[in-house]
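Commentary on secondary and tertiary structure
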Amino acid sequence: MLYRRMRNPPRKALLSIGLTALGVGLVVLADAVHGDASDVGSAILAIVGATLAVVSFVVFIWAGLSALGYRRLMAGKDVVARWHVSATDWDKFRAFNQIRAAQHLSLRNDIRLRKQTPLQGVDVIVGRNRIIVDGSYHSITARPVGGRQVNWVGPPADPECLEFPKVYARSHGGSIDLTLRVPVPAAARAEGVKVFEFYRPKPKK
């Protein structure tokens, strides 16, 4: 399955390029130490190294592109709105998120919430086609999915939430529907409305 989400993309990019180098090193080592294609140990080492190098390099490309978007948002470029969610509000959101996700498979949150709420709370930065929530980077489609591009979830949700539909292709065919759900505390409602208006499908002329 192809996911367009990543926690701390810059760190993932550095890790993946390091693993790519390790994979290449294993291939070189297999050739230098044994130098015999018929040697089973050498062949296994070469296969493992080549697989690690190829897979890690693909991840590096994905992580590198995500890191660019992540750094742009963190630097304040192309930002639509940003707000802070206190630890208390985040705990309330976690409780509502479980209830909401149980209503339908497509309402499972695309954000993998950490098990422990950060004492300092969580920052949300929303940009054009991308968002960072608690350091987790996600793309937001530029096209409506299933006729909707963003939903506003009001009371009894406390805090209220923004929901972005997500559709991911599976590697073996088909797709999976998820929802990127973000809390909007009362103090940040104006910022949340700004995001809702930005991503709401525009009426056709």
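Residues numbered from 1 in each chain as written. Predicted model: local features only at pLDDT ≥ 70, side-chain atom pairs only at ≥ 80, totals over all residues. Heavy atoms only, no water.

Here we come to the packing of aromatic side chains. Taken as a whole, this structure holds four aromatic pairs when the rule is applied. Seen in terms of ring centroids, Trp-152 and Phe-196 are 6.2 Å apart; in terms of plane orientation they differ by 85°. Their pairing is edge-to-face. With a gap of 44 residues between them, Trp-152 in strand β6 (residues 151-153) and Phe-196 in helix α4 (residues 189-199) connect regions that are remote in the sequence. For Trp-152, a relative accessible area of 22% puts it in the partly exposed group. What makes Phe-196 buried here is its relative accessible area of 17%. Taken together, a centroid distance of 5.4 Å and an interplanar angle of 85° make the contact between Phe-164 and Tyr-199 edge-to-face. A residue pair is termed long-range when its members are at least 10 positions apart, and Phe-164 in strand β7 (residues 160-169) and Tyr-199 in helix α4 qualify at 35 residues. Relative accessible area serves as the criterion here: at 1%, Phe-164 is assigned to the buried category. Since its relative accessible area comes to 2%, Tyr-199 is described here as buried. (Phe/Tyr/Trp six-rings, centres within 6.5 Å; stacked < 30°, edge-to-face > 60°. Helix = DSSP H or I, 4+ residues; strand = E, 2+ residues; numbered from the N terminus. Buried < 20%, exposed > 50% of the residue type's maximum accessible area, 1.4 Å probe, protein only.)

Here we take up unusual backbone geometry. Cis geometry is found at the peptide bond from Pro-155 to Pro-156, where omega equals 15°. Following Asp-158, the chain continues into Pro-159 via a peptide bond in cis, with omega recorded as 5°. In this structure, Pro-159 sits in the loop between β6 and β7. Backbone geometry at Asp-78 places phi at a positive 60°, although glycine is not the residue there. Within the secondary structure layout, Asp-78 lies in the loop between α2 (40-74) and β2 (79-85).

Locating Thr-117 in the fold gives a position in the loop between α3 (87-101) and β3 (122-127). Within polar-contact distance, the side chain of Thr-117 engages the side chain of Asp-91 at 2.5 Å. Beyond its immediate chain neighbours, meaning those up to four positions away, Thr-117 contacts Ala-87, Trp-90, Asp-91 and Arg-94. (Polar contact = N/O pair within 3.5 Å; in protein donor to acceptor, adjacent residues only side chain to side chain. Contact = heavy atoms within 4.5 Å.)

What the three strands build is an open sheet, ordered β6-β7-β8; its pairing is antiparallel. The sheet is open, and its two edges are formed by β6 and β8 (175-184), each paired on a single side. Ignoring strand direction, the axes of neighbouring strands in this sheet form an average angle of 30°. Where β6 lies against β7, three bridges are found, and the strand directions are antiparallel. Across the sheet, Val-153 pairs through a bridge with Cys-161, a residue of β7. Sitting on the sheet, α3 touches β6, β7 and β8, and the angle it makes with β8 is about 150°. Sheet strands in contact with α4 are β6, β7 and β8, and its direction is about 35° off that of β7. (Pairing = 2+ DSSP bridges. Axes fitted to C-alpha atoms, helices over the stretch in contact; angles between N-to-C directions.)

Relative to the assigned elements, Leu-119 resides in the loop between α3 and β3. With a relative accessible area of 84%, Leu-119 lands in the exposed category.

Most of β7 is tucked away: eight of the 10 residues are buried. Where β7 and β8 come together, 10 bridges link them in antiparallel fashion. Following the sheet pairing, Phe-164 is matched in β8 by Leu-180.

Below, the discussion takes up the confidence of the model for the chain. Confidence in the prediction of the chain, expressed as mean pLDDT, is 80, and 74% of residues score 70 or more. Model confidence for the chain, summarised as mean pLDDT per element, is weakest for strand β1 (residues 5-7) at 57 and strongest for α3 at 96. (pLDDT = per-residue confidence, 0-100.)

The biggest cluster of nonpolar side chains holds 27 residues, and the ones touching the most others in it are Trp-83 and Val-195. When contributions to this core are tallied by element, the ones reaching two or more residues are β2, α3, β3, β4 (130-133), β7, β8 and α4. At four residues, the largest contribution of residues to this core is made by β2. (Core = buried A, V, L, I, M, F, W, Y, C linked by side-chain atoms within 4.5 Å.)

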